[in-house]
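So you can see what is in the structure, the chains are spelled out below.
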Amino acid sequence: MSRALVVGGANGIGLAVATLLAERDACDKVYIVDRVAVQEEYANPKFCFREFDLRGEDFALFDDFKNIDTLVITAGFGRLAHFADVDEEHVMASMTVNATAVMRIIHHFYGRIADKKPFRTAIMGSIAGFMSSPLFAVYGASKAALKIFIESLNVELEMCGTTNRILHVAPGAIKGTSFYRGVTDLNVTRALAEEIIEHMERGDDLFIPRYDEVYREVLERYHNDFRAEGIHSYEYKMQSNR
């Protein structure tokens, strides 16, 4: 039987992934690690919740999950604001939760990821990690750190002879989550969660949702003139009132 761990799985896209994994007959347990428990309306008998704040010092909790074969990390947060308007605590917490904590978790499981035995891993990054992101400078910086981290580890994994890879999921804004003061809606996030699981199980190392429709052109504009695209990004965010 398969067992999964979803860090940040109590709401949003993490909850959607956890729910889809739990629906499978071959899966008998989905561990969820988060600061808050899953709301009762989304409860599943296969869910096993462990409370943990990724800003904590002791990550020994992650040594308890010795029987999993799937690891999904979706925890993270951001605040759309001018850098002048964020305090130092926000800077430290953002880098800790969005980047450092993820690296620490991967370190606890790296032996299994690098093994020849199949082990599926996915990390939620952001398209903001691929380009300058004014009004999202700290968040974008944390996700850029993840981008380089994942790309570097995937080369190391290839060179050590395993077929396991870490899937980097790099979306733009996701509807149906609480990220932009919204609410979790599994009907909205289900399709994306299905795509994430599909790419993860296929052994892909990068998945940018809506790449052909939106982000291919955005990335091309950025690489052609990162200054102009940065201004375009700033104006878009100011006008969107997110």
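If you're wondering where the values come from, they're calculated on a predicted model, not measured in any experiment. Each chain has its residues counted from 1, running along the sequence as written. This being a predicted model, a pLDDT of at least 70 is required before a residue's local features are given, and a value of 80 or more before pairs of side-chain atoms are given or counted; all residues contribute to the totals for chains, interfaces and linings. Derived side-chain values reflect all non-hydrogen atoms in the structure, with water molecules and hydrogen atoms excluded from consideration.

For the rest of this paragraph, the subject is the overall build of the chain. Helix and strand definitions follow DSSP, with helices as H or I runs of at least four residues and strands as E runs of at least two, each counted in order from the N terminus. Regarding its fold elements, the chain presents six helices and seven strands. The helix and strand sequence of the chain, counted from the amino end, reads β-α-β-β-β-α-β-α-β-α-β-α-α. Across its three principal directions, the C-alpha atoms of the chain cover 50 × 45 × 35 Å. Looking at the 242 residues of the chain, the share that counts as buried comes to 48%. Accessible surface area values rest on a Shrake-Rupley calculation with a 1.4 Å probe, where residue burial reflects the displayed protein chains alone. Just so you have it, the chain exposes about 12,500 Å², and 51% of that area is on carbon and sulfur atoms. Working definition: with a 1.4 Å probe on protein chains only, accessible area under 20% of the residue-type maximum means buried, over 50% means exposed, and in between means partly exposed.

What follows is about the packing of aromatic side chains. Side-chain rings of Phe, Tyr and Trp (the six-membered ring for Trp) are treated as a pair once their centres are within 6.5 Å; stacked means planes under 30 degrees apart, edge-to-face means over 60, and tilted covers the remaining angles. Throughout the structure, instances matching the rule amount to eight aromatic pairs. Between Phe62 and Phe65 the ring centres are 6.4 Å apart and the planes differ by 50°, which places this aromatic pair in the tilted class. The residues Phe62 and Phe65 share a single accessibility class, namely buried. Only Lys NZ and Arg CZ are tested; either one counts as a charge over a ring when it is within 6 Å of the ring centre and within 35 degrees of the ring normal. Looking at Arg104, its charged tip hangs above the ring of Phe59, at a distance of 3.9 Å from the centre. We note Lys147 situated over the ring of Phe130; from NZ or CZ to the ring centre the distance is 5.1 Å.

What follows concerns the pattern of salt bridges. If charged atoms from side chains of opposite charge come close, those side chains can pair. By salt bridge we mean one thing: a side-chain nitrogen of Lys or Arg within 4 Å of a carboxyl oxygen of Asp or Glu. Summed over the entire model, instances satisfying the criterion amount to 14 salt bridges. For the salt bridge of Glu198 with Arg202, the shortest nitrogen-to-oxygen distance reads 3.4 Å. One end of the pair, Glu198, and the other, Arg202, are both in helix α4 (residues 186-202), four residues apart, so they sit about a helical turn from each other. Among the residues examined, Glu198 registers a relative accessible area of 45% and is labelled partly exposed. Linked by salt bridges that have partners in common, Arg24, Asp69, Arg120 and Glu201 make up one network.

Every second residue of strand β6 (residues 166-169) is oriented toward a common face, with Ile166 and His168 on one face and Leu167 and Val169 on the other, all of them buried. Pairing between strands is defined by DSSP: at least two bridges between the two strands are required. With four bridges connecting them, strand β5 (residues 120-124) and β6 associate as parallel partners. When the bridges of β6 are listed, Met124 appears paired with Val169. Consider the strands pointing away from the viewer: the crossover is right-handed when the path from the first strand over the helix to the second runs clockwise. Chirality of the crossover, the property in question, places the unit of β5, helix α3 (residues 137-159) and β6 among those that are right-handed. Sheet topology note: the β6/strand β7 (residues 206-207) ladder contains two bridges and is parallel. Within the sheet, the bridge partner assigned to Val169 lies in β7 and is Phe207.

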